[in-house]
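# Structural features, examined
Here is how the chains run, residue by residue.
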Number of protein chains: 2
Amino acid sequence: MASPGSGFWSFVSENGSADPENPGTARAWCQVAQKFTGGIGNKLCALLYRDAEKPAESDGSEPWRVAARKAVCACEQKPCSCPNADVDFALLHATDLLPACEGERPTLAFLQDVMDILLQYVVKSFDRSTKVIDFHYPNELLQEYNWELADQPQNLEEILMNCRTTLKYAIKTGHPRYFNQLSTGLDMVGLAADWLTSTANTNMFTYEIAPVFVLLEYVTLKKMREIIGWPGGSGDGIFSPGGAISNMYAMLIARFKTFPEVKEKGMAAIPRLIAFTSEHSHFSLKKGAAALGIGTDSVILIKCDERGKMIPSDLERRILEAKQNGFVPFLVSATAGTTVYGAFDPLLAIADICKKYKIWMHVDAAWGGGLLVSQKHKWKLSGVERANSVTWNPHKMMGVPLQCSALLVREEGLMQSCNQMHASYLFQQDKHYDLSYDTGDKALQCGRHVDVFKLWLMWRAKGTTGFEAQIDKCLELAEYLYNIIKNREGYEMVFDGKPQHTNVCFWYVPPSLRTLEDNEERMSRLSKVAPVIKARMMEYGATMVSYQPLGDKVNFFRMVISNPAATHQDIDFLIEEIERLGQDL
Amino acid sequence: MASPGSGFWSFVSENGSADPENPGTARAWCQVAQKFTGGIGNKLCALLYRDAEKPAESDGSEPWRVAARKAVCACEQKPCSCPNADVDFALLHATDLLPACEGERPTLAFLQDVMDILLQYVVKSFDRSTKVIDFHYPNELLQEYNWELADQPQNLEEILMNCRTTLKYAIKTGHPRYFNQLSTGLDMVGLAADWLTSTANTNMFTYEIAPVFVLLEYVTLKKMREIIGWPGGSGDGIFSPGGAISNMYAMLIARFKTFPEVKEKGMAAIPRLIAFTSEHSHFSLKKGAAALGIGTDSVILIKCDERGKMIPSDLERRILEAKQNGFVPFLVSATAGTTVYGAFDPLLAIADICKKYKIWMHVDAAWGGGLLVSQKHKWKLSGVERANSVTWNPHKMMGVPLQCSALLVREEGLMQSCNQMHASYLFQQDKHYDLSYDTGDKALQCGRHVDVFKLWLMWRAKGTTGFEAQIDKCLELAEYLYNIIKNREGYEMVFDGKPQHTNVCFWYVPPSLRTLEDNEERMSRLSKVAPVIKARMMEYGATMVSYQPLGDKVNFFRMVISNPAATHQDIDFLIEEIERLGQDL
């Protein structure tokens, strides 16, 4: 187990294990090397020096690198010829880096130093002895450090310090005990791919400037459509900046399919449209309706059963009602994996209704889509192959770094017709290559970040079977948690039965409330328990889990597991932590 | 000057310069080191080995790392104690990396190898002797390599090869001779910041999970508003996924300000709205209007003068016309830096008209916003301080890695009222910290990528004066280009006069066309020149510039400069290249 700050340097220590008590190893080697004759010593020293050990944090008295360099450069031969000896970041600025003349050496040293800081953070992220969060209130954090932007530049030593400080206060979202959001974990191949994406620094709008990434988007979306079950993986799609935007795309395309004239004429020219989604669905449906000029009042929330699944008979009733009022039902958005309960709407029954009334069927599988790669769990999405469009966020259950959200559309060409504006400065029609690869005009965005490479490289590294294994593991952990608490004293489940996704929703009832009658006062007191435990949890920093009220249920914990780093012990730890922090309430 | 593949290793070679002919340097050191007694040799070897030189590409016969390790591990002492000796990526998979047990060592070795690949790419990006692009047609590229996704995993050696191959075919967007888009260049501090952002892997919706980044967004947006000229930097804003979305936000907020009931009731409940923008404005205004249910017919394109600037009198005429028709003018989107001509609309005159008719004034300064930090050039945006909202993309003129686009809004709170949906699972009202820092509900997105850190860290590293210097330099280069070609034989300017931004628009007229009369046939032939030169340019790969038609002007080159790596010599090179590739046409 690495101790904080030493992880990276275990590489260079004698037996490969961390040795924080003996930080002088590489420097000691360097001193040995200096004794060799003929310039060899200095060159060895320079090579070794790149591996010199660094403290996790500067002690503030003197930047460690300056001090370390001074030590190294006090070599016997003057002038010192160590290649790194002149890289003193306190004397360098951004203008000394590439593309500056002679900028290569300081650039490589600087980027390597940044990388060392990042690698330390990565190692610490998986170390259960480190905190998930070093919490500070906003006003404290604003005072803790000077974050302001000035006219004059900082030197590179200060820039490195900014990086260290930023990470010091960051949430370790890869930590095995971070359960706060649907997106958790830090995948090493995904991280590498995201670094590469940053380095390639391009834009998805044309093949011309993103040839590989455009092809990889094609390959990856096709694979996802095959998994959904559309014949031959045919259809269309795009990676968009998050599930809310993917859902908005679905609504936009469904509207265009129903009334194509809306693109030119606007909503004023068409009848009033109505969309349907469950009362447990994601808020982005309403947000999208507000943005698209449909209006939130035109999003009808269909009742759910006690497990949070849409009730098909209520859907049909509301569709008929809308039609009777002269409105046009144009979209049903079913949810495969609701945000809070993790419920899967009955897609087959919903598909039948959509077919009967000729309504676009969208499936918001932002959270549940990952289950499609699991032989064991994919039945929960039976019927998804009948959808007209599907939102599927690999940055959730598949552990891809943020952001990676796909919208898949069954009918090819519709996105293009809906969104294209034929900008002649981007989509010239007389280019020398096949223009069908200039996919940018089907997007709402003009510039579009490369979100596909992370997913593609992870898929290559894991195979579909690898994703399956990590998803099955998370679901098994959720079941483990459910089995622990379902009969444990002090816990009440928010809904009965085994969870279908990794969402486990429960109240922790402190001893003082256990004997109270089930009345309003108890509910009122119970509603305050989760927020207090959560506040204490964040201040203590060892784990994080979310809570919220929902409908008539007062604040309860919503446990979700999407990080393959989590283990049974981490689940046990969470339970113990909740009890430790909440037993006096 | 680094040669391809050797850049990184100049670090370890004797005099710090690249030595592609002598790739054995570090291995040679290692062999020397092996001769030392007492285990020192092996340890030196292991340390040195991390710097061992690598060929730019594997020759395919045996992965270089495997071969190299074998060489190293054939040391005299058995069993070999080199810490790295057992890291054979051909035998390792993603499942051997963290969070795997004992995963730390392979993880660090893997990520360091990825980093070495990236550093090589960075160095090559700035090397004028390397190509900007190694162009392949889509079908060639699909056949060149197996990009498919399979059930079974690849090993880490193959994953590293995927990374190398991806970069081999990538456009070097940081190359000093890449002029193809408004976003060019590769900033070293911005790159470091983007790597850190990937590593922190969090989401902007709440302070709870992005404390530092939320504060930095606050600090940075405030600074941008101060520069715009809003008193005390007050107001609101957000970083959004690109300028098109930022412009759509402006339209959305302007509509909400005019008719707040649209959020619930939709467009059907309000009068017909009309937006105004110039005929040279960005296509995202129409795209936004289509999406928001306003309809593209309700976006009136105002005439421009010969320099591409909106004509205020035509704006006023069209506003009056719309009002006479009973429509409601709700938005004027002026452009500060048009996409093709780089024109700045007359903001003061437009502001007067907006004030007179009480219309929301938006300024799309996605491209021109950067000029606000230049004392010399900011006058071109005079009047921007009177706007109600401003789009400003630091990923364009300020050289921030993609994506980084800000929408700034003068009235505080409006974004929140317009977009909020009060999702109780994210924005719990009983949290223990100041909830005004939970900024996610003002966004259209739910999950939102951290786009601010790149800009913030670059600003710290350059200071405002550093941005100013690099922007002034790009504008000076554009003027240099203009001065070269304005009177040069074979060139015709698309519009007269010195460019206001870095856009220089021109036709190259090959010798065969120079004596032709100015008639339709000449225009028809001239329209084919730029596409052919561009196609040849891409196949040759040494530089890239964009072309397009506009209105009645046939295909012309649009040169833009946003990369501070470019020099006068690069401008000269572009001109020579155009002539070399086009003289026979």
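This text follows the structure it describes.
Residues numbered from 1 in each chain as written. Chains lettered and ligands numbered in written order. Predicted model: local features only at pLDDT ≥ 70, side-chain atom pairs only at ≥ 80, totals over all residues. Heavy atoms only, no water.

## Focus: the packing of aromatic side chains
When we look at a pair of aromatic rings, we describe it by the centre distance and by the angle of the planes. Our working rule: By convention, a stacked pair of Phe, Tyr or Trp rings (six-membered ring in the case of Trp) has centres within 6.5 Å and planes under 30 degrees apart, an edge-to-face pair has planes over 60 apart, and any other such pair is tilted. Each helix is a run of DSSP H or I of at least 4 residues and each strand a run of E of at least 2, with the numbering of both proceeding from the N terminus. Think of it in three bands: residues with accessible area under 20% of the maximum for their type are buried, residues over 50% are exposed, and the middle band is partly exposed, with areas taken using a 1.4 Å probe on protein chains only.
Throughout the structure, instances matching the rule amount to 36 aromatic pairs over all chains. On the basis of an interplanar angle of 85 degrees and a centroid distance of 6.4 Å, the ring pair of Phe135(A) and Tyr207(B) is categorised as edge-to-face. With Phe135(A) in the loop between α4 (104–125) and α5 (138–144) and Tyr207(B) in the loop between α7 (188–200) and α8 (211–228), the pair connects residues from two separate chains. Taking relative accessible area as the criterion, Tyr207(B) reaches 0% and is therefore assigned buried. Taken together, a centroid distance of 5.2 Å and an interplanar angle of 50 degrees make the contact between Tyr207(A) and Tyr433(A) tilted.

## Points about the nonpolar core
To keep things clear, this is the line we draw: What we call a nonpolar core is a set of buried Ala, Val, Leu, Ile, Met, Phe, Trp, Tyr and Cys residues that are connected through their side-chain atoms within 4.5 Å. Contact definition: two residues touch when any of their heavy atoms are within 4.5 Å.
Counting 328 residues, the largest nonpolar core has Phe110(A) and Phe110(B) as its most contacted members. Excluding residues within four positions of it along the chain, Phe110(A) makes contact with Phe89(A), Leu97(A), Leu156(A), Ile159(A), Leu160(A), Met188(B), Val189(B) and Ala192(B). Listed in part, the 65 residues of the second largest apolar core include Val299(A), Val409(A), Ala289(B) and Phe330(B).

## A word on the pairing of strand β12 (residues 553–559) of chain B
All names here are of chain B. The line we're drawing: The pairing criterion is simple: DSSP has to find at least two bridges between the two strands.
Among the seven residues of β12, six are classified as buried, and the element is accordingly described as predominantly covered. Taken together, the three bridges between strand β10 (residues 504–508) and β12 define a ladder with antiparallel strand orientation. Its bridge partner lying in β12, Cys 505 is registered against Arg 558. Pairing analysis gives four bridges linking strand β11 (residues 544–550) to β12, with the strands arranged antiparallel. Its bridge partner lying in β12, Gln 548 is registered against Phe 556. Linkage of β11 to β12, two consecutive antiparallel strands, is achieved through a turn of two residues, within which Gly 551 is found at a positive phi near 55 degrees.

## Concerning the pattern of salt bridges
Using the following cut-off: Any carboxyl oxygen of Asp or Glu within 4 Å of a side-chain nitrogen of Lys or Arg constitutes a salt bridge here.
By the definition in use, this model includes 54 salt bridges over all chains. The residue Asp134(B) makes a salt bridge to Lys168(B) at a minimum N-O spacing of 3.4 Å. Linking Asp134(B) in the loop between α4 (104–125) and α5 (138–144) with Lys168(B) in helix α6 (residues 156–168), this pair joins segments that are 34 residues apart in sequence. Using a relative accessible area of 24% as the deciding quantity, one classes Asp134(B) as partly exposed. Overall, the relative accessible area of 34% leaves Lys168(B) in the partly exposed class. Note that Arg317(B) is salt-bridged to Glu321(B), the shortest N-O span being 3.4 Å. Here Arg317(B) and its partner Glu321(B) are both found in helix α12 (residues 312–324), four residues apart, which amounts to about one turn of the helix. The class for Glu321(B) is partly exposed, based on a relative accessible area of 32%. Where salt bridges share partners, they join Glu208(A), Lys431(A), Asp438(A) and Lys534(B) into one cluster.

Note that every value here comes from positions in space, so none of it alone points to a role or purpose.
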